[in-house]
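Structural overview for review
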Amino acid sequence: MNYQAQRGSVLHFLDQHSPEYFADGILVTDSDKGTVVAVGEAESILAQFPQLQVTEHSQALICPGFIDTHIHYPQVDVIASYGEQLLDWLNNYTFPHESKFADEAHASETADFFLRELLKNGSTTGLVFGTVHPQSVDAFFRASEALNTRMICGKVMMDRNAPDFLCDDVASSKNDSQALIDRWHGKGRQLYAVTPRFAITSTPEQLAAAGELLADNPGVYMQTHLSENLDEIAFVKELFPQRKNYLDVYDHYGLLGEYSTFAHGVHLEDGEYQRLSETGSKIAFCPTSNLFLGSGLLPLDDQPFPVGVSVATDVGGGTSFSMLQTMSEAYKVCQLRGHRLSPQQAFYMMTLGNAKSLKLDDKLGNFTAGKEADFVVLDLAATELMQRRQAICNTLDETLFCLTILGDDRSVAETWVAGKKVYSKDEAN
Ligand code: GUN
Ligand code: ZN
């Protein structure tokens, strides 16, 4: 038993519409077990734990670590690539960069940088694409294991419509994925996701192999892309004329389900919403990416059938590692569609909502005693402008909204993973 206690304002969600906020709160964690011990008003926690050594954080908001439900670690160096929409962006920028991950040393160096960047931005869990190279995923999990972060990652499966040097084949993609599952899924905090890149870059036989992997390995995740861009959708229709729609390609091969996350889903037909809803499959809303690549505006507020939507950066199509910046862009996408995304909904989505979407809410996403102690200490006054603007916020909603719209990595004072401090802005500077 080795308790740490952080004092500041504390916000977490017990459920979507049940925030718990302590204006002067304390979060108690145990660095031996890596779990949450207690959370509450400072006075009552101090009465309960009279021996506690407390670290005081002024003008700070303590909340669960952010969760990013769709991101590509090999695209660190693709971020901010000029001028293209999805298919040309993939061919001209992304594929050439991803070829470098055949080199495990490059993969390891990039994985380290990527994970440090996530933590610097307050994100403690991600659903992450590797490249087609199995060693890219080994490198990633090794780096994550060293930090003890809870990460989900997978080897990209792609066997057509990509350069030869980035293609696997049906048998090797299945064997390599299975070997990675055996090596990593459930090892410490690491989890595996079967990762067919998207319908365009897999043959029907490879999609069938992906379905078999999921059937053979219950509890393993599935991640892919869906209906991001109009040219992409037209190409999928050409490649799979016998399927009803884009989602039906994945459905046909058994890729839908509660552990499945489909990035984007910007241009879905009603029938696609229906099947996503019926199967408990999830969409990852990637606003900075959808704006940057000119893909479109996700209708978050307007679903013909209810589908779980998480929120994600999609770096390097996305333009920021910061979930605060991502929610700021999500707010603007909703504005363009005449819908208001509330500040509390934004905080819920980045934490417990995204944990639920990944079926990790039994482990993460809020400060229920016994959960894994991944949390972030946010500095409400990180810049002169933020300090000035926060000084005239009168309600929690106003405070959260300013933090979301103006905040980014500068707002992250500390990040803690499994009860240990893994990033401190003071020490980084
Ligand atoms: N569709 C297929 N691959 C990708 C990718 O790497 N990024 C995005 N944004 N969309 C994709
Ligand atoms: Zn993506």
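Notes on the structure in this doc start here. Predicted model, so just to flag it, every value in this text is computed and none were measured.

1. Comments concerning the coordination of the zinc ion (ligand 2)
Coordination of the zinc ion (ligand 2) by the protein involves His70 (NE2), His72 (NE2), His225 (NE2) and Asp314 (OD), with metal-donor separations of 2.0 to 2.4 Å. For the zinc ion (ligand 2), the four donor atoms are set out with angles of 90 to 167° between them, so the coordination reads as irregular. Site description for the zinc ion (ligand 2): donor spacing in sequence, H-x1-H-x152-H-x88-D. Here His225 is found in strand β10 (residues 221–226), whereas its partner Asp314 is found in the loop between β13 (308–311) and α11 (323–336), with 89 residues between them in sequence. Residue class for His225 comes out buried when judged on its relative accessible area of 6%.

2. Some points on the layout of surface pockets
Quantified by volume, the largest pocket comes out at close to 390 Å³. Gln16, Gly308, Val309, Gln345 and Tyr348 are, among the 19 residues lining the largest pocket, the residues nearest its centre. Among the secondary structure elements, those contributing two or more residues to the lining of the largest pocket are β13 and α12 (343–357). At seven residues, the largest contribution of residues to the lining of the largest pocket is made by α12. What lines the second largest pocket is His57, Ser58, Ala60, Val377, Asp379, Ala413, Glu414, Lys421, Ser424, Lys425, Asp426 and Glu427. Of all the elements in the fold, those that place two or more residues in the lining of the second largest pocket are β4 (54–64), β14 (375–379), β15 (412–417), β16 (420–424) and α15 (425–428). Looking at side-chain class alone, the lining of the second largest pocket contains three nonpolar, three polar and six charged residues.

3. Side note on the site of ligand 1
If you check the shell around ligand 1, you find His72, Gln75, Leu86, Trp89, Leu90, Arg197, Phe198, His225, Glu228, His264 and Asp314 and nothing else. Here an oxygen atom of ligand 1 and a side-chain polar atom of Arg197 are 2.7 Å apart. Between ligand 1 and the protein, one listed contact pairs a nitrogen atom with a side-chain N or O atom of Asp314 at 2.8 Å. Here ligand 1 loses 100% of its free accessible area of 280 Å² to cover by the protein chains. It is helix α2 (residues 86–98) that contributes the most residues to the shell around ligand 1, three residues altogether. For the shell around ligand 1, a count of residues per class yields four nonpolar, four polar and three charged.

4. Overview of the pattern of salt bridges
A full pass over the atoms with the stated rule returns 24 salt bridges. Between Asp138 and Arg183 there is a salt bridge; the shortest N-O distance is 3.0 Å. Linking Asp138 in helix α4 (residues 134–147) with Arg183 in helix α5 (residues 170–184), this pair joins segments that are 45 residues apart in sequence. Assessed through its relative accessible area of 11%, Asp138 is described here as buried. Close ionic contact of Lys332 with Glu329 constitutes a salt bridge, the shortest N to O distance being 2.8 Å. Remark: Glu329 and Lys332 occur in helix α11; sequence separation between them is three residues, near one turn of the helix. Three or more residues are tied together by salt bridges with common partners; here these are Arg150, Arg189, Glu372 and Asp374.

5. Considerations on the packing of α4 against α5
Taken N-terminus to C-terminus, the directions of α4 and α5 make an angle of 15°; their axes are 10 Å apart at the nearest point. Between α4 and α5, the angle falls in the class roughly parallel. As α4 runs across α5, the sense of the crossing is right-handed. Taking contact as the criterion, the partners of Pro134, Val137, Asp138, Phe141, Arg142 and Glu145 in α4 are, on α5, Asp176, Leu180, Arg183 and Trp184. Here the contact of α4 with α5 is composed, by residue class, of five nonpolar, no polar and five charged.

6. A few points about the sheet that holds strand β3 (residues 35–41)
Pairing is mixed across the open sheet formed by seven strands, whose spatial order is β3-β2-β1-β4-β14-β15-β16. Of all strands in the sheet, those bounded by a partner on one side alone are β3 and β16. Along the sheet, successive strands turn relative to each other by an average axial angle of 35°, direction set aside. Sheet topology places strand β1 (residues 3–15) next to β4; five bridges connect them, and they run parallel. What sits directly across from Gln6, in β4, is Thr55. Here helix α3 (residues 104–120) sits on the sheet and contacts β15 and β16; the angle it forms with β15, its principal contact strand, is near 120°. Of the strands in this sheet, β1, β2 (18–30), β4 and β14 touch α12, which is tilted by about 95° from β1.

About the thresholds
- Residues numbered from 1 in each chain as written.
- Chains lettered and ligands numbered in written order.
- Predicted model: local features only at pLDDT ≥ 70, side-chain atom pairs only at ≥ 80, totals over all residues.
- Heavy atoms only, no water.
- Donors = N, O, S within 2.8 Å, 3.2 Å for Na, K, Ca; no water.
- Tetrahedral: all angles 85-135°; square planar, octahedral: opposite > 155°, others 65-115°.
- Helix = DSSP H or I, 4+ residues; strand = E, 2+ residues; numbered from the N terminus.
- Buried < 20%, exposed > 50% of the residue type's maximum accessible area, 1.4 Å probe, protein only.
- 1 Å grid on protein atoms, 1.4 Å probe; cavity = no way out; pocket = protein on both sides within 12 Å on 5 of 7 lines; lining within 4 Å.
- Points joined across faces, edges and corners; volume = space filled by probe spheres on them.
- Nonpolar A, V, L, I, M, F, W, Y, C, P; charged D, E, K, R; others polar.
- Near = heavy atom within 4 Å.
- Polar contact = N/O pair within 3.5 Å; in protein donor to acceptor, adjacent residues only side chain to side chain.
- Areas by Shrake-Rupley, 256 points an atom, 1.4 Å probe, with all protein chains shown as cover.
- Salt bridge = Lys/Arg side-chain N within 4 Å of Asp/Glu carboxyl O.
- Axes fitted to C-alpha atoms, helices over the stretch in contact; angles between N-to-C directions.
- Parallel < 35°, antiparallel > 145°, perpendicular 65-115°, else oblique.
- Left-handed = near helix turned anticlockwise from the far one by under 90°.
- Contact = heavy atoms within 4.5 Å.
- Pairing = 2+ DSSP bridges.

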